Amino acid sequence: ELFRPINSYYDFENIKMVPEGDLITRNLSDMDWMYQDQEAVQELLKEDPQIYRYYNVDIPEEEGHLQHCISIINPGKVGNEYNMTKGHFHEIKGTAEIYYTIQGEGMLFMQSVTDGEPEFEALEMKKGTLSYVPPYWAHRTINTGEEPLAFIGIYPGEAGHVYGEIEAKGFMKLLIEKDGEPTIIDNPNYK
Ligand code: PA5
Ligand code: NI
């Protein structure tokens, strides 16, 4: 069946995608164990703030299509660790992704998912940054700024998402505020 062309819009004023498509929200309680400072987590859980949300354009998850969505990470920290996405790699590990930052500033953490020892890379994100996540790299985004970090993600329709491994092991690095600056440190709990 022929899929019809469609537009989506980013509403900079109201910080959302229109039409909303499939909206997925992640509050702290959806990922509380992923942050290092569990005392800060317990305190914040009383309010259970939204950490991020993403608007998926409704596209068939099939080869040939390009899935795309707009992600928005709210500014803030859990203890001294900046708000971040859960992070994932693609079910078909050999599929890439492009992130285009349209608002705010942050970092893109990547960790290789080949059979060898995992390697780490980080890229800065700011309005206008076009970031390439090559095949075989898990990815997580982090808001280091004072305003929402918004970016468009585009990836092959068949890619799929795997969360379980990062949910269990974390990323090998963390991004914390140290002396007022975003600082990458080793994750002491990385398994
Ligand atoms: O496709 C992507 O990589 C992004 O659109 C993410 O899915 C989005 O930023 C949310 O992050 P996560 O899927 O890790 O929860
Ligand atoms: Ni992805």
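Below is a short write-up of the structure. The structure presented is a predicted model; accordingly, all values stated were derived computationally and were not measured.

## Focus: the environment of Arg26
- Tracing the chain through its elements places Arg26 in strand β3 (residues 22–27).
- With 15 residues separating them in the primary sequence, Arg26 and Val41 have C-alpha atoms 14 Å apart.
- Those residues in contact with Arg26 that sit more than four places away from it in its chain are Gln50, Ile51, Tyr52, Tyr54 and Lys86.

## What about the nonpolar core?
- Core analysis: the biggest nonpolar cluster contains 32 residues, and Met31, Tyr35 and Phe109 have the highest contact counts within it.
- Mapped by element, the contributors of at least two residues to this core are α1 (38–45), β4 (50–56), β10 (105–112), β11 (120–126), β13 (137–143) and β14 (149–156).
- It is β10 that provides the largest number of residues to this core, a total of four residues.
- Not counting the four nearest positions on each side in its chain, Met31 is found in contact with Ile51, Tyr52, Met84, Thr85 and Lys86.
- By size, the runner-up hydrophobic cluster in this structure holds 10 residues, among which are Tyr55, Ile59, Ile72 and Ala150.

## Some words on the site of ligand 1
- Around ligand 1, the surrounding shell holds 14 residues, and the nearest of these are Tyr52, Ser71, Glu97, Tyr99 and Tyr163.
- Taking Glu97, its side chain carries an N or O atom lying 2.6 Å from an oxygen atom of ligand 1.
- Within the contact set of ligand 1, an oxygen atom lies 3.3 Å away from a side-chain nitrogen or oxygen of His139.
- Contact with the protein chains hides 99% of the accessible area of ligand 1, taken as 370 Å² for the molecule alone.
- Secondary structure elements with two or more residues in the shell around ligand 1: β4, β5 (66–73), β9 (97–103) and β14.
- In terms of residue class, the shell around ligand 1 is made up of seven nonpolar, six polar and one charged.

About the cut-offs
Along every chain, residues carry numbers that run from 1 in the direction the sequence is written. The naming scheme follows written order: chains are lettered A onward, ligands numbered 1 onward. Given that this is a predicted model, residues contribute local features only at a pLDDT of at least 70 and side-chain atom pairs are listed and counted only at 80 or more, while totals for whole chains, interfaces and linings are drawn from all residues. Each side-chain value is worked out from all heavy atoms of the structure, with water and hydrogens disregarded. Put simply, DSSP marks the helices as runs of H or I at least four residues long and the strands as runs of E at least two long, and each gets a number from the N terminus on. The contact definition used throughout considers only heavy atoms, calling two residues in contact when any of these lie within 4.5 Å. Residue types Ala, Val, Leu, Ile, Met, Phe, Trp, Tyr and Cys, when buried and joined through side-chain atoms within 4.5 Å, form a set referred to as a nonpolar core. Any residue under 20% of the maximum accessible area for its type is buried, any over 50% is exposed, and the rest in between are partly exposed; the area is computed with a 1.4 Å probe on protein chains only. For this purpose, a residue is taken to be near a molecule or strand whenever a single non-hydrogen atom of the residue falls within 4 Å of it. Identification of polar contacts relies on pairs of N or O atoms within 3.5 Å, with a donor-acceptor requirement for protein atoms, meaning one able to donate a hydrogen and the other able to accept it, and with residues adjacent in sequence counted only if both atoms are side-chain atoms. The accessible surface values rely on the Shrake-Rupley method and a 1.4 Å probe; as for residues, cover is taken only from the protein chains in view. Under this grouping Gly is polar, as are all residues other than the nonpolar Ala, Val, Leu, Ile, Met, Phe, Trp, Tyr, Cys and Pro and the charged Asp, Glu, Lys and Arg.

The values are spatial; any link to function lies outside them.
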